[in-house]
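These are the residues of each chain, in order.
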Amino acid sequence: MRSETLLSCDEVSRQLAEAVDGPLSLDPDARRHVETCLGCQAEAAGDRRLRRALRGLRHELSEPVPGLLDDVLAALGTGADRRSGRLALHRRRAAYVGGIAAATAAGVGGAVVLAGRTRRRLPLAG
Amino acid sequence: MAGSNPPTSDEIANLVTEARGGDRGAFDALVRHTYLETYTLAYRLTGDEEDARDVVQESYLRAYRGLRRFRGDAQFSTWLYRITANCASTELGRRARHRHDDLDDDLPEATWRGTSGPESAVDNVALRERLEEALGALPPRLRAVVVLRDVYDLPHDAIAAELGISVSAAKVRLHRARRRLRQDLFLAPVEADGVMDAEGARAV
């Protein structure tokens with residue numbers, strides 16, 4: 001049985017769907033409509049009951065597939081090893097580049113020193 | 001963890017802090033505490049055990065890699081639900097491409113007739129079983145929204161973000177999903193009776 005109030009049942013139904021707290025959070029016109037419309041009352045009651053039942057599922061746990069936990073931990077181990085491997089590689093590369101840079105700097109430094117000595121020796125040689 | 005007391009929110013928060021500091025053991029402990037719930041959500045979203053297994057693995061890998069981005073202003077479980085929803089959405093998209101699953105959420109509805117109404121006496125256990133069945137019968141796109149909103153209490157914008165849809169599309173799907181569930185749970189199909197009546201008439 002549908003009400004002949006200003007708001008249509010479809011509009012109330014849409015509002016019911018969006019009302020986070022159920023019929024209590026409907027606007028006053030929609031609430032008045034529900035109070036006088038048996039169809040919408042049934043829908044609101046069904047909606048309340050459905051949401052309550054759905055909330056109740058939150059703590060119902062499914063039986064997991066065998067070996068799930070081991071699989072997850074193993075996958076994490078692989079992922080973590082790969083990450084730490086990449087990190088080690090980056091570090092090795094950094095050390096290698098740093099070594100080359102240090103060696104180059106040492107070489108350049110040595111050359112400068114030698115050149116300086118050579119320059120100092122030249123007048124003596126002359 | 002199965003068979004032990006669930007950890008308090010403080011214990012979870014401490015484990016998250018330790019895991020963010022690089023403690024793999026702490027992250028493993030988080031997995032042990034939460035994997036059943038994560039699996040349950042993944043299974044509810046995908047409706048398939050093996051797909052759920054893949055989703056759980058991918059979810060924890062993403063969580064591990066993204067742990068530094070978890071700011072701690074939300075609950076760890078909520079953060080994990082969002083990651084799981086996102087992974088499941090990806091998995092469902094992949095499955096739809098490969099298996100041509102029916103993703104139509106506008107399936108024709110049977111004509112329904114009220115039984116003794118929503119307040120008819122069904123005990124909670126029976127209702128839960130029928131609800132799980134009804135959820136399993138929903139098209140995946142509708143199921144995802146109603147599970148995330150009404151079971152796991154995620155806000156509309158989070159659901160929309162993780163499923164890659166607009167907020168208004170999420171609300172429309174929620175409305176359709178609830179309507180289908182109400183029909184499945186609280187109303188009986190007229191067609192079944194109609195067939196029986198016709199057969200009965202023929203027999204007479």
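Quick caveat, the model's predicted, so the values are computed rather than measured.

Asks: Let's hear about the overall build of chain B: which residues, and what values?
Replies: Each helix and strand in chain B was counted, giving 9 helices and 2 strands. In sequence order, the secondary structure elements of chain B are arranged as α-α-α-α-β-α-α-α-α-β-α. Taken over 204 residues, chain B has a buried fraction of 44%. For chain B, the share of sequence-separated contacts (at least 6 apart) that also reach a separation of at least 24 residues comes to 72%. Looking at chain B as shown, the accessible area adds up to about 10400 Å², and 48% of this sits on carbon and sulfur atoms.

Asks: I'd love a proper account of the overall build of chain A, names of residues and values included.
Replies: If you tally the helices and strands in chain A, you get 4 helices and 0 strands. Reading chain A from its N end, one meets helices and strands in the order α-α-α-α. Here chain A, with 126 residues, has 34% of them falling under the buried criterion. Here the contacts in chain A between residues at least 6 apart in sequence split such that 57% fall between residues at least 24 apart. With an accessible surface of roughly 8300 Å², chain A has 59% of that area assigned to carbon and sulfur atoms.

Asks: Can you break down the confidence of the model for chain B residue by residue, with the values?
Replies: For chain B, per-residue confidence averages 81 on the pLDDT scale, and residues scoring 70 or more make up 77% of the total. Across the assembled chains, the prediction reports ipTM 0.76 with pTM 0.71.

Asks: Describe in detail the pattern of salt bridges, supporting the description with residues and values.
Replies: Evaluation of the coordinates by the stated rule reveals 15 salt bridges over all chains. Ionic pairing is found between B:Asp28 and B:Arg24, a salt bridge with its closest N-O pair at 2.9 Å. Separated by 4 residues within a single helix, B:Asp28 and B:Arg24 lie in helix 2 (residues 24-46), roughly one turn from each other. Where salt bridges share partners, they join A:Glu43, A:Asp47, A:Arg51 and B:Arg182 into one cluster.

What counts, and where the lines are drawn
- Along each chain, residues carry numbers from 1 onward, in the same order as the chain's sequence is written.
- Written order decides the labels, with chains lettered from A and ligands numbered from 1.
- Two thresholds apply to this predicted model, a pLDDT of at least 70 for residue-level local features and 80 or more for giving and counting side-chain atom pairs, whereas whole-chain, interface and lining totals are computed over all residues.
- The basis for the side-chain values is all heavy atoms of the structure; hydrogens and waters are excluded.
- Elements are defined by DSSP. Helices are runs of H or I of four residues or more, strands are runs of E of two residues or more, and each kind is numbered from the N terminus.
- A 1.4 Å probe rolled over the protein chains alone gives each residue an accessible area, and that area as a share of the maximum for its type sets the label: buried under 20%, exposed over 50%, partly exposed in between.
- Two residues form a contact once any of their heavy atoms are found within 4.5 Å.
- With residues, only the protein chains shown are counted as cover, and all accessible areas are computed by Shrake-Rupley using a 1.4 Å probe.
- Along the chain, pLDDT gives the predictor's confidence residue by residue, from 0 to 100.
- A pairing counts as a salt bridge when a side-chain nitrogen of Lys or Arg comes within 4 Å of a carboxyl oxygen of Asp or Glu.

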